[in-house]
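Working through the structure, step by step
Next come the chains, spelled out residue by residue.
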Amino acid sequence: MASNGKANGPSGLSKIRTIPTSQDGICHDDSTPPVKAQTIDELHSLQRKKSAPTTPTLATPTKGGAQGAFAIISEEERQKQQLQSISASLASFARETGPKVVRGDPARQPVEGPKHVSHHHVTPTISVSDSALKFTHVLYNLSPAELYEQAIKYEKGSFITSTGALATLSGAKTGRCPRDKRVVKDEVTENELWWGKGSPNIEMDEHTFMVNRERAVDYLNSLDKVFVNDQFLNWDPKNRIKVRIVSARAYHSLFMHNMCIRPTPEELENFGTPDFTIYNAGQFPCNRYTHYMTSSSSIDLNLARREMVILGTQYAGEMKKGLFSVMHYLMPKRQILSLHSGCNMGKDGDVALFFGLSGTGKTTLSTDHNRYLIGDDEHCWSENGVSNIEGGCYAKCIDLSGEKEPDVWNAIKFGTVLENVVFDEHTREVDYSDKSVTENTRAAYPIEYIPNAKIPCVGPHPRNVILLTCDAFGVLPPVSKLNLAQTMYHFISGYTALVAGTVDGIREPTATFSACFGAAFIMLHPTKYAAMLAEKMQKHGATGWLVNTGWSGGSYGSGSRIKLQYTRKIIDAIHSGALLKANCQKTDVFGLEIPTAVDGVPSEILDPVNTWSDKKAYKETLLKLAGLFKKNFEVFTNYKIGQDGKLTEEILAAGPVF
């Protein structure tokens, strides 16, 4: 039955009538033009657009008819030189040649199509190794997005969390292996470095290093692909170091992308030969029968070759701290002091350095919304002022919350690496209180993820040097003003205390000392860094402070921890200069100058003796701690600081007297 003059189909619905739109009688859906691709692979090739070069690579006339600065080299020649440099880095010492290298992912086959999609597939131009009959594909300075893809696809245990961070696992090792770290002892380093009792430097010989290097390079060359990062250390442009990291995991490449300073495209195109190279073959163990090896892990530094080899551990922090050790060697040679410290700057340009071991509040107190963050962990102090060594932050995540650490919490987003955290298998929400994998869970993110980070990460000379300690004995004042000799004494001592629950088996406060607040990373004798700090503080008028964030009114278990709000008030008074003008009194034994009043802090807690009900117990505990200081300092008494050694005597006199 017809309706309204329209024919119906078998179902009773009106028939669809098509009207030809062209003479060929074919119906076209012309709402959008058809894609310019004949195959699905060609369609995919159109999806990826080549990054436009930011540096001119063709002759560009300038004023006066001169050619552009980068006109002397073509794009093809630049890539050839870059590959040659990478091949040279991967060269076997025994064969003296590098592998055949080519840029790009071996899993991604080149596609016929427009030229702009073939930038990952440069024709191999290097054929220098008889030992390698294969190409080693180089994934060079990949972006975080590209590294995410590599990790998710090829690395088991890699996931995207609910906030967009990349969660990954570091394998069996979830922390550094200080006992497996070795430094080549040669004619130069034998006299320059700190060896022996108390030193973190464990020796190895040149031959053993080369055995491990060969093992690492052979492993990396056996892979279908390796990741190569070319980056910088030190934000001071006059003193920056070029570093190359060759690794087997996207996780390691992204970690170092975040932690080192990321070059601009212009800087990368003219990077050249690196000043230092890391070979991270952490998935492959060292040979335990090799001389000096004590386990399947080995982290080896050769300062003469400017190389670092990692075998048998995938923990990414080994790369970060290995490079920090290198800076502790290279920078003092330039009369630049390398420091394990946090650093921030006020709106008026006043800079403060924060030293402190784990648990002292270094990260918390150096992160201040009213001040700019220059860096959270590693710095240099040169004639130009202070500069951050790194381009990122490496924050602890255990028990992290948005209320306690909002800046770190908000930094955990796309691009951030989350190490060894536990998350919900469905929602991918991270449970930061879960220690199932390790208590040492970490987040690595670029420093610009912190809202008040100062970019570039440099500042003028410090006005205040703040030494933080968590005194669980409860006998050190909440704040003390230090003279120069006292600053050196407490800097070299690097004191804090461990309490029950932080380390298995501890039932009462235990003193721990770490020279220069970072003994695990220093290369020279602590007194050399102390002498440089004294010289710079004296020259630029910086003031030293000892701030106790630990216990008051008794030791751990009987007293109570000093409230964070009081410590913040003390730090504020240091920044403002108010404490410089405060009236002070001197304590017994340690001879510390303590203020009689600090705005916002109860006056009775400023002198610890006032907070102890048992004065005899206070005196006994004070003398006990003083004895521990003296015993720790014995290893440093034979070293002379300064030309006449007079500063050594002053530093010794600045210690406890009883």
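Things to note about the overall build of the chain
Across its full length, the chain carries 15 helices and 32 strands. Within the chain, buried positions represent 53% of all 658 residues. Contacts in the chain between residues far apart in sequence, at least 24 positions, make up 72% of those at least 6 positions apart.

What about the pattern of salt bridges?
Enumeration according to the criterion identifies 16 salt bridges in this entry. The residue Arg240 makes a salt bridge to Glu267 at a minimum N-O spacing of 3.0 Å. Placement of Arg240 in the loop between strand E7 (225-233) and strand E8 (241-247) and of Glu267 in helix H7 (residues 265-269) is noted, with a sequence separation of 27 residues between them. By relative accessible area, which is 31% here, Arg240 ends up partly exposed. With its nearest N and O atoms 3.0 Å apart, the salt bridge here joins Asp377 to Lys320. Here Asp377, found in the loop between strand E15 (372-375) and strand E16 (378-382), pairs with Lys320, found in helix H8 (residues 317-333); they are 57 residues apart in sequence, far enough to count as distant. By the burial criterion, Asp377 is buried, and Lys320 matches it. Here the residues in one salt-bridge network are Lys320, Lys321, Lys362, Asp377, Glu378 and Glu390, joined through shared partners.

Quick word on the sheet that holds strand E23 (residues 458-459)
Pairing in this open sheet of four strands is antiparallel, and the strands run E12-E16-E17-E23 from one edge to the other. On the outer flanks of this sheet lie strand E12 (337-340) and E23, each paired with one strand and no other. The sheet contact formed by strand E17 (residues 385-388) and E23 spans two bridges and is antiparallel. Bridge pairing links Val386 to Gly459 in E23. Against the sheet, H8 touches E12 and E16, its axis set at about 150 degrees to E12.

A closer look at the sheet that holds strand E3 (residues 159-160)
Taken in spatial order, the five strands of this open sheet run E3-E4-E19-E22-E18, and their pairing is mixed. Unpaired on one side and paired on the other, E3 and strand E18 (392-396) mark the two borders of the sheet. Bridge count between strand E4 (residues 166-168) and strand E19 (residues 417-419): three bridges; the pairing is parallel. Within the sheet, the bridge partner assigned to Leu166 lies in E19 and is Val417. Set on the sheet, helix H6 (residues 250-259) makes contact with E4, E18, E19 and strand E22 (442-446); between it and E19 the angle comes to about 120 degrees.

Digging into the confidence of the model for the chain
Mean pLDDT over the chain: 86, with 83% of residues reaching 70 or higher. Counting contacts from residues 18-31, a segment whose pLDDT is below 50, to residues more than four positions away or on other chains yields four contacts. Confidence drops under pLDDT 50 across residues 52-71; counting only partners more than four residues distant or on other chains, this segment forms 23 contacts.

A short note on the pairing of strand E10 (residues 298-302)
Looking along a regular strand, one sees the side chains alternate between the two faces of the sheet. With five of its five residues buried, E10 lies for the most part within the structure. Going residue by residue along E10, you find Ser298, Asp300 and Asn302 tucked away on one face and Ile299 and Leu301 tucked away on the opposite face as well. Bridge count between strand E5 (residues 181-184) and E10: three bridges; the pairing is parallel. Bridge pairing links Arg182 to Asp300 in E10. Bridge count for E10 against strand E11 (residues 307-311) is five bridges, and the pairing is antiparallel. Along E11, the bridge assignment pairs Ser298 with Leu311. In textbook terms, the turn of a hairpin is the stretch between consecutive antiparallel strands, and for E10 and E11 this stretch comprises four residues, one of which, Arg306, has a positive phi near 55 degrees.

Let's talk about the packing of helix H11 (residues 484-493) against helix H14 (residues 615-633)
Following both chains from N to C, one finds H11 and H14 inclined at 80 degrees, their axes separated by 10 Å at the closest point. Here H11 lies roughly perpendicular to H14, going by the angle between them. Only Phe629, Lys630, Asn632 and Phe633 of H14 make contact with H11, whose side of the interface consists of Tyr489, His490, Ile492 and Ser493.

A look at the environment of Ile202
The residue Ile202 is located in the loop between helix H4 (189-192) and strand E6 (203-204) in this model. Distance in space between the C-alpha atoms of Ile202 and Tyr292 is 9.3 Å, their sequence separation being 90 residues.

Thoughts on the packing of aromatic side chains
The description of an aromatic ring pair rests on the distance of the ring centres and on the angle between the ring planes. One pass over the structure, following the stated rule, counts 18 aromatic pairs. Considering the side-chain rings of Tyr489 and Phe629, the 6.2 Å spacing of their centres and the 20 degrees angle between planes classify their relative orientation as stacked. With Tyr489 in helix H11 and Phe629 in helix H14, this residue pair connects regions lying 140 residues apart in the sequence. For the pair Tyr489 and Phe629, one class covers both residues: buried. With 5.2 Å between their ring centres and 85 degrees between their planes, Phe513 and Phe629 make a pair best called edge-to-face. Within this pair, whereas Phe513 is found in strand E27 (residues 510-513), its partner Phe629 is found in helix H14, the two being separated by 116 residues in sequence. Since its relative accessible area comes to 22%, Phe513 is described here as partly exposed. Judged by relative accessible area, Phe629 falls into the buried class, the value being 1%. A network of ring pairs unites the aromatic residues Tyr489, Tyr495, Phe513, Phe590, Phe629, Phe633 and Phe636 as a single cluster.

Describing the nonpolar core
Burial of nonpolar side chains together is a common tendency in soluble globular proteins. Among the nonpolar cores identified, the biggest contains 127 residues, and Trp381, Leu418, Tyr445 and Phe590 are the most heavily contacted of them. Broken down by element, this core gets its largest block of residues, eight residues, from H8. If near-sequence neighbours (up to four positions away) are discounted, Trp381 is found in contact with Ile336, Leu337, Leu339, Leu353, Val386, His461, Pro462, Leu533, Lys536, Met537, His540 and Ala542. One finds Val101, Tyr140, Leu220 and Ala248 within the second-largest nonpolar core, a separate group that totals 26 residues.

Focus: unusual backbone geometry
At the junction of Ile455 and Pro456, the peptide bond is cis and its omega measures out at -5 degrees in the coordinates. Looking at the element boundaries, Pro456 is found in the loop between E22 and E23. Notably, Phe517 is not glycine yet its phi reads approximately 55 degrees, a positive angle. With respect to the helices and strands, the residue Phe517 is situated in the loop between E27 and helix H12 (526-540).

About the thresholds
- Residues numbered from 1 in each chain as written.
- Predicted model: local features only at pLDDT ≥ 70, side-chain atom pairs only at ≥ 80, totals over all residues.
- Heavy atoms only, no water.
- Helix = DSSP H or I, 4+ residues; strand = E, 2+ residues; numbered from the N terminus.
- Buried < 20%, exposed > 50% of the residue type's maximum accessible area, 1.4 Å probe, protein only.
- Contact = heavy atoms within 4.5 Å.
- Salt bridge = Lys/Arg side-chain N within 4 Å of Asp/Glu carboxyl O.
- Pairing = 2+ DSSP bridges.
- Axes fitted to C-alpha atoms, helices over the stretch in contact; angles between N-to-C directions.
- pLDDT = per-residue confidence, 0-100.
- Parallel < 35°, antiparallel > 145°, perpendicular 65-115°, else oblique.
- Phe/Tyr/Trp six-rings, centres within 6.5 Å; stacked < 30°, edge-to-face > 60°.
- Core = buried A, V, L, I, M, F, W, Y, C linked by side-chain atoms within 4.5 Å.

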